Amino acid sequence: MPDSPTTPPTAPPPASVWGGDRLDLDAYLARIGFDGDRTPDLATLRKLHAGHAASIGFENIDIILGRPILLDLETLQAKLVRARRGGYCYEHNLLYAAALDRLGFHVSGLGARIRLGDDRLRPVTHALLKVELSDGAWITDVGFGGEALLAPLPLRDGAEARQGGWTFGLAYEKDTATWVLRSAHEDGWFDLYAFGTEARYPVDYAVFNHYTSSHAHSPFVSRMVALHPRPDLRSSLIGRELTRTRPDWTSEVREVAPEEIPGLLDTEFGIRLTPGDAEALVAHHRA
């Protein structure tokens, strides 16, 4: 029945900044192998994080093939969900944020400065997420790649967690009001990235993405990067160098032939290429 003349028209629900209202949630959950309870609590957050990290690889193949990285939700769903490709941090965490939003989590974006053991000042180029739960704030990040979290961490100074065979921790640097995500290495803590709590939005990530996907100083414009963290193994393919690292820090390194790359991306990283993209990527690595 239409609204009566004396009743104001019913307003549509406000559009989410993360686009959860436009996400094909069932398709996303099927992609990451999630079929559990959808209550927006810590147990669900952990299952979502683990499922996404296990199922969707980290890669920059579109950049290597001369294509722009588009961050609108429909492109992200078409690429990471339906085409079963991977992506890098903005693609992963924007898709993930839409799912969290759709499920009723209170999610906000954050920005980080990569350290990787080096505390020199670098630009903010990494995206991660913060989720507010009944017991406080947690960080969750499915888009870091190599030494990535496999589960959320409470946003608390001194927090530590064993995730599979790897150990992560958070430290708060009071002098700079900065949080640091760390990974336990053989010789002690290794800083992965530093971040503040200023809220970041998709429009911010669009700016960061422009630099990361096109600037000459970006590590993603000159060589292919594919990464897949798992509880008992971290795999990386940088250019043609394949490295497999285990929690005891033993590693296997070998150079792969260009013709091996498409099959390896599928079996080792869960990244599926079209025949045309596979041919183009092999040609790129032959050049």
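Residues numbered from 1 in each chain as written. Predicted model: local features only at pLDDT ≥ 70, side-chain atom pairs only at ≥ 80, totals over all residues. Heavy atoms only, no water.

**Regarding the sheet that holds strand E11 (residues 233–238)**
Right, so step 1: In space, the five strands of this open sheet follow the order E1-E10-E11-E12-E13, with antiparallel pairing throughout. Strand pairing shows two members of the sheet lacking a second neighbour, strand E1 (58–59) and strand E13 (251–255), which therefore form its edges.
Right, so step 2: For E11 and strand E12 (residues 241–245), the ladder comprises five bridges, and the chain directions are antiparallel. Among the inter-strand pairings, Ser-236 is bridged to a residue of E12, identified as Thr-243. (Pairing = 2+ DSSP bridges. Helix = DSSP H or I, 4+ residues; strand = E, 2+ residues; numbered from the N terminus.)

**Points about empty space enclosed by the protein**
Right, so step 1: The full count for this structure, using the stated rule, is one cavity of 30 Å³ or more.
Right, so step 2: Lining the largest cavity are 15 residues, with Ile-56, Val-142, Gly-145, Ala-148 and Pro-229 positioned closest to its centre.
Right, so step 3: Among the elements that take part in the lining of the largest cavity, strand E10 (residues 225–230) stands out by supplying three residues, more than any other.
Right, so step 4: Looking at the lining of the largest cavity, its residues break down into nine nonpolar, five polar and one charged. (1 Å grid on protein atoms, 1.4 Å probe; cavity = no way out; pocket = protein on both sides within 12 Å on 5 of 7 lines; lining within 4 Å. Points joined across faces, edges and corners; volume = space filled by probe spheres on them. Nonpolar A, V, L, I, M, F, W, Y, C, P; charged D, E, K, R; others polar.)

**Considering the confidence of the model for the protein**
Right, so step 1: When pLDDT is averaged across the protein, the result is 94; 95% of the residues are at 70 or more.
Right, so step 2: Ignoring residues within four places in sequence, the model shows residues 1–13, a span with pLDDT below 50, making three contacts including any to other chains. (pLDDT = per-residue confidence, 0-100. Contact = heavy atoms within 4.5 Å.)

**A word on the sheet that holds strand E8 (residues 178–185)**
Right, so step 1: Taken in spatial order, the eight strands line up as E5-E4-E3-E2-E9-E8-E7-E6 in an open sheet, and their pairing is antiparallel. Two strands in the sheet have a free side with no partner beyond their single neighbour: strand E5 (153–154) and strand E6 (160–163).
Right, so step 2: Bridge analysis of strand E3 (residues 124–133) against strand E4 (residues 136–140) gives five bridges, and the strand direction is antiparallel. Across the sheet, residue Glu-132 finds its bridge partner in E4, namely Ala-137.
Right, so step 3: Docked against the sheet, helix H2 (residues 42–55) engages E3 and E4, running at close to 10° with respect to E4.
Right, so step 4: Along the sheet, helix H5 (residues 89–103) makes contact with strand E2 (106–114), E3 and E4, crossing E3 at roughly 15°. (Axes fitted to C-alpha atoms, helices over the stretch in contact; angles between N-to-C directions.)

**A word on the packing of H2 against H5**
Right, so step 1: Two elements in contact, H2 and H5, have axes whose closest approach is 12 Å; the angle formed by their N-to-C orientations is 150°. In this view, H2 runs roughly antiparallel relative to H5, as classed from their interaxial angle. Handedness of the crossing formed by H2 with H5: right-handed. Between H2 and H5, the residues in contact are Leu-45, Leu-48, His-49 and His-52 and His-92, Leu-95, Tyr-96, Leu-100 and Leu-103, respectively. (Parallel < 35°, antiparallel > 145°, perpendicular 65-115°, else oblique. Left-handed = near helix turned anticlockwise from the far one by under 90°.)

**Quick word on the pairing of E13**
Right, so step 1: Pairing geometry for E12 and E13, over five bridges, is antiparallel. Opposite Glu-241, over in E13, you have Glu-255 as the bridge partner.
Right, so step 2: What sits between E12 and E13 in their antiparallel hairpin is a turn of five residues, with Trp-249 showing a positive phi close to 70°.

**Comments concerning unusual backbone geometry**
Right, so step 1: With a phi angle near 50°, Ala-177 is a residue other than glycine that sits in the positive phi range.
Right, so step 2: Locating Ala-177 in the fold gives a position in the loop between strand E7 (166–173) and E8.
Right, so step 3: Unlike most non-glycine residues, Trp-249 shows phi in positive territory, near 70°.
Right, so step 4: Mapped onto the elements of the fold, Trp-249 is located in the loop between E12 and E13.

**A look at the environment of Asp-232**
Right, so step 1: One can find Asp-232 in the loop between E10 and E11.
Right, so step 2: A C-alpha to C-alpha distance of 29 Å links Asp-232 and Thr-212, two positions 20 residues apart in sequence.
Right, so step 3: In this structure Asp-232 touches Trp-166, Arg-246 and Pro-247, once residues within four positions along its chain are discounted.

**Quick word on the side chain of Ser-108**
Right, so step 1: Of note, Ser-108 is situated in strand E2.
Right, so step 2: Looking at Ser-108, the relative accessible area reads 16%, which means it is buried.
Right, so step 3: With residues up to four places along the chain from it excluded, the contact list for Ser-108 reads Trp-18, Leu-128, Leu-129 and Lys-130. (Buried < 20%, exposed > 50% of the residue type's maximum accessible area, 1.4 Å probe, protein only.)

**Some points on the layout of surface pockets**
Right, so step 1: Taken as a whole, the largest pocket encloses approximately 930 Å³ of empty space.
Right, so step 2: In terms of lining residues, the largest pocket is bounded by 30 residues, among which Ile-114, Leu-116, Phe-144, Phe-220 and Leu-227 are the most central.
Right, so step 3: Of all elements in the fold, only E3, helix H6 (202–214), E10, E11 and E12 reach the threshold of two or more residues within the lining of the largest pocket.
Right, so step 4: The leading source of residues in the lining of the largest pocket is E11, at four residues.

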